[in-house]
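# Results of the structural survey
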Amino acid sequence: MHKSAMPQEGTDTFDDQIRIVLVETSHSGNIGAVARAMKNMALGSLWLVNPVSFPDETSYARAAGASDVLDNARVVNSLDEAIEDCVCVMGTSARGRKVPWPVIAPPDAAAMASEHSGAGPVAVVFGRENHGLSNEELQRCHFHIHIPSNPDYSSLNLSMAVQVMCYELRMHYLRGLEGGDGSPYLKPMTAPGDAGWDVPPAPVRDVEGFFEHLEQVLVDVDFHRREKPGLLMTRLRRLFQRAKLDQTEINILRGVLTAVQKSAGTDRSGSNTLKAGSAAGEQE
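Below, the structure is looked at part by part. Every chain begins its residue count from 1, and numbering advances along the sequence as written. This being a predicted model, a pLDDT of at least 70 is required before a residue's local features are given, and a value of 80 or more before pairs of side-chain atoms are given or counted; all residues contribute to the totals for chains, interfaces and linings. Just so you know, side-chain values use all the structure's heavy atoms and leave hydrogens and water out.

## So, the packing of aromatic side chains
To keep things clear, this is the line we draw: Between 30 and 60 degrees the pair is tilted, below 30 it is stacked and above 60 it is edge-to-face, where a pair is any two Phe, Tyr or Trp rings, Trp via its six-membered ring, whose centres lie within 6.5 Å. Under the DSSP-based scheme used, a helix requires at least four consecutive residues in state H or I and a strand at least two consecutive residues in state E, with every element numbered from the N terminus.
Applying the stated criterion across every chain, the model contains three aromatic pairs. Aromatic side chains Phe210 and Phe240 sit 4.9 Å apart centroid to centroid with 80° between the ring planes, which places their arrangement in the edge-to-face category. With Phe210 in helix α8 (residues 204-220) and Phe240 in helix α9 (residues 232-243), the pair connects residues that are 30 residues apart, well separated along the chain. Through successive ring pairs, a cluster of aromatic residues spans Phe210, Phe211 and Phe240.

Structure (structure tokens):
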């Protein structure tokens, strides 16, 4: 028996209006891998045109928790049947055909699919593993999608090609959330002050207190001379300010400096002991 699907957090991103269509897939494991790629990106509408073998244990094994996508997959006998009710059809293709056809890149294809999905179903069609879509099948498509892979090694595994398109569809959807501001998942979190960071940024007074403490410790251990400072403190200031320290990080660093002073027998400040205690509380 195949493995049960992992619980879904929500419905299909595009309410099943964007369907992934696989034409005459020869290896059922690829169907399972495609299902996994789809569910990763919150897509659930899979159509299979005359697959060699489906359903079977191999496809479900490769789906790895996306068995619900396979359970709901539609199996049809022809491409025409898979796309007959669609308002827009896009097929993956290499460039260079005798009669040029409208060709778009995956990000543009995702935007177009999303736009057309409000009017009706949209099909994104993928061909056979060994030779893709036939010319006749490509002529059923309004647009061809070209994935700009390495020209010296351009062949993509079927599930990889599907993953590229599903990813672009997902990114387009996330960018459009929250009234155009985009999903919080797309916003970077790299420093204190960014949404999601756990501790506020250290105020200037605390950072300056750390620099004073650092300089004193360096003098105490004979690493730095105030009468011949050179550029040492300037470079250390640049280093730590580049790090954009938060309040907890300042406390940890002050605690380290206090521990160095105690070990060297030069600790003169009771206030720094509190800093050390605060830092110790943060240790895991």
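## Some thoughts on the pairing of strand β1 (residues 18-23)
Where we set the bar: For every residue, the accessible area (1.4 Å probe, protein chains only) is compared with the maximum for its type, and the residue is labelled buried under 20%, exposed over 50%, or partly exposed between those bounds. Any two strands with at least two DSSP-identified bridges between them are counted as paired.
The buried fraction of β1 amounts to six of the six residues, a majority that puts the element mostly inside the structure. On β1, burial covers both faces: Ile18, Ile20 and Leu22 on one face and Arg19, Val21 and Val23 on the other are all buried. Inspection of the sheet shows β1 paired to strand β6 (residues 122-126) by five bridges, in the parallel sense. In the sheet register, Leu22 faces β6, and the bridge partner there is Phe126.

## Topic: the packing of helix α1 (residues 28-40) against helix α7 (residues 158-175)
Quick note on the threshold: Between the N-to-C directions of two axes lies an angle of 0 to 180 degrees, each axis being a line fitted to C-alpha atoms and, for a helix, fitted only over the stretch in contact. In these notes the angle categories are as follows: under 35 degrees is roughly parallel, over 145 is roughly antiparallel, 65 to 115 is roughly perpendicular, and the rest is oblique. A crossing counts as left-handed when the near helix is turned anticlockwise from the far one by less than a right angle, and as right-handed when that turn is clockwise. By the convention used here, residues are in contact when the closest approach between their heavy atoms is within 4.5 Å.
Two numbers describe how α1 lies on α7: the axes approach to 9 Å, and their chain directions differ by 15°. Considering the angle they form, α1 stands roughly parallel to α7. The hand of the α1/α7 crossing is right-handed. Judged by residue contacts, Asn30, Ala33, Val34, Ala37, Met38 and Asn40 of α1 engage Leu158, Ser159, Val162, Gln163 and Cys166 from α7.

## Structural notes on helix α10 (residues 247-264)
Which entries qualify depends on this criterion: By this rule, a helix spans an expected 1.5 Å times one less than how many residues it contains. In protein, a polar contact means a hydrogen-donor-capable atom and an acceptor-capable atom, both N or O and within 3.5 Å, with residues adjacent in sequence counting only if both atoms are side-chain atoms; elsewhere, any N or O pair within 3.5 Å suffices.
With 18 residues, α10 extends 26 Å between its outermost C-alpha atoms, agreeing within 8% with the 26 Å of an ideal straight helix rising 1.5 Å per residue. Among all positions of α10, only Thr248, Ile250, Arg254, Gly255, Leu257, Thr258 and Gln261 are buried. At the N-terminal boundary of α10, the capping side chain belongs to Asp246, with an oxygen 3.1 Å from the backbone nitrogen of Thr248. Trailing α10 by a residue or two, Gly265 shows a phi angle of about 75°, which is positive.

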